[in-house]
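# Secondary and tertiary structure notes
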Amino acid sequence: MSATERTGPAVEQRRVLAADLFNRVWELIEQPERTREQDDEMLHSAHASRALWAGAGTVVNLARGEWQCSRVYSVLGRPEPALWHARRCLELCEQAEPGELADFDLPFAYEALARAHAVAGDRETALRWLERAAGAAVRIAEADDRELVATDLAEIRGLL
């Protein structure tokens, strides 16, 4: 889709729906207990959000969509797709032009890889990605964003 095709009411509707689905996935992730149907909704909503961003978003939206898909698969205890989406998130972050990403996007890509490897039972590789995430997180300007990364990294350490 060209830059000119990324405007207009239909594209804006896609953006709104993609963001709504992304937020719904977070509501489901944060529930202490979910039904099987809610797990299905969480998984399909993450993929739907990512698919919608493909036609209406930027590399930032795509990377964050891949990150969320990885997170959902990790939550569901499915390491292979979690790793696939975490790797894709990192690829997108690495392909981004300078200034396109927020300062927390790369640390969260590393966090996704650490989490997915932890779910896969690969402690050594998870620890390496945790170190990279922690090293990258020190460059995050906003204290709240640094704290979000630190909290997720501590959660992963608890899995190991």
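That block above? That's the structure.
Residues numbered from 1 in each chain as written. Predicted model: local features only at pLDDT ≥ 70, side-chain atom pairs only at ≥ 80, totals over all residues. Heavy atoms only, no water.

Looking now at the nonpolar core. One broad trend across soluble globular proteins is that nonpolar side chains are buried collectively. Core analysis: the largest hydrophobic core is formed by 32 residues, its most contacted members being Cys89, Leu90, Tyr110, Trp129, Val149, Leu153 and Ile156. If you list the elements that add at least two residues to this core, you get α1 (9-30), α2 (36-56), α3 (59-75), α4 (79-95), α5 (105-119), α6 (123-137) and α7 (143-159). In this view, Val149 contacts Pro107, Phe108, Ala137 and Ile140; residues no more than four positions away in its chain are not counted. In this structure, Ile29, Leu43, Cys69 and Ala116 belong to the second largest nonpolar core, which totals twelve residues. (Core = buried A, V, L, I, M, F, W, Y, C linked by side-chain atoms within 4.5 Å. Buried < 20%, exposed > 50% of the residue type's maximum accessible area, 1.4 Å probe, protein only. Helix = DSSP H or I, 4+ residues; strand = E, 2+ residues; numbered from the N terminus. Contact = heavy atoms within 4.5 Å.)

On inspection of all chains with the given rule, the structure shows zero disulfides. Distance from the sulfur of Cys93, which forms no disulfide, to the nearest cysteine sulfur (Cys89) is 4.4 Å. (Disulfide = S-S within 2.5 Å.)

Moving on to the packing of α5 against α7. Following both chains from N to C, one finds α5 and α7 inclined at 15°, their axes separated by 10 Å at the closest point. Comparing their axes, α7 and α5 come out roughly parallel. Crossing handedness for the pair α5 and α7: left-handed. Only Leu148, Val149, Asp152, Leu153, Glu155, Ile156 and Leu159 of α7 make contact with α5, whose side of the interface consists of Pro107, Phe108, Glu111, Ala114, Arg115 and Ala118. (Axes fitted to C-alpha atoms, helices over the stretch in contact; angles between N-to-C directions. Parallel < 35°, antiparallel > 145°, perpendicular 65-115°, else oblique. Left-handed = near helix turned anticlockwise from the far one by under 90°.)

All told, the structure shown has 13 salt bridges when counted by the stated rule. For Glu12, the salt bridge identified is with Arg15, shortest N-O distance 3.5 Å. Linking Glu12 with Arg15, this pair stays in helix α1, spanning three residues, or about one helical turn. On the accessibility criterion, Arg15 (25% relative accessible area) is partly exposed. The shortest N-O distance in the salt bridge between Arg128 and Glu124 comes to 3.1 Å. Residue Arg128 and its partner Glu124 are both found in helix α6; the two are separated by four residues, about one turn of the helix. For Glu124, a relative accessible area of 59% translates into the label exposed. One continuous salt-bridge network, built from bridges that share partners, spans Arg71, Glu111, Arg115, Asp152 and Glu155. (Salt bridge = Lys/Arg side-chain N within 4 Å of Asp/Glu carboxyl O.)

Quick look at the packing of aromatic side chains now. Tallied over the entire structure, the rule returns four aromatic pairs. Ring centres of Trp67 and Phe108 lie 5.5 Å apart, and the angle between their planes is 70°; on these two criteria the pair is classed as edge-to-face. A residue pair is termed long-range when its members are at least 10 positions apart, and Trp67 in helix α3 and Phe108 in helix α5 qualify at 41 residues. Here the two residues Trp67 and Phe108 agree in accessibility, since each one is buried. Members of the aromatic cluster, each reached through a chain of ring pairs, are Trp26, Trp67, Phe104 and Phe108. (Phe/Tyr/Trp six-rings, centres within 6.5 Å; stacked < 30°, edge-to-face > 60°.)

This paragraph deals with the packing of α2 against α3. At a minimum axis separation of 9 Å, α2 and α3 run at an interaxial angle of 170°. Taken together, the axis directions place α2 and α3 in an arrangement best described as roughly antiparallel. With respect to the hand of their crossing, α2 and α3 are arranged in left-handed fashion. Of α3, the residues touching α2 (which contributes Met42, Leu43, Ala46, His47, Arg50, Trp53 and Ala54) are Asn61, Leu62, Gly65, Glu66, Gln68, Cys69, Val72, Tyr73 and Val75. Its residues assigned to classes, the contact of α2 with α3 comprises ten nonpolar, four polar and two charged. (Nonpolar A, V, L, I, M, F, W, Y, C, P; charged D, E, K, R; others polar.)

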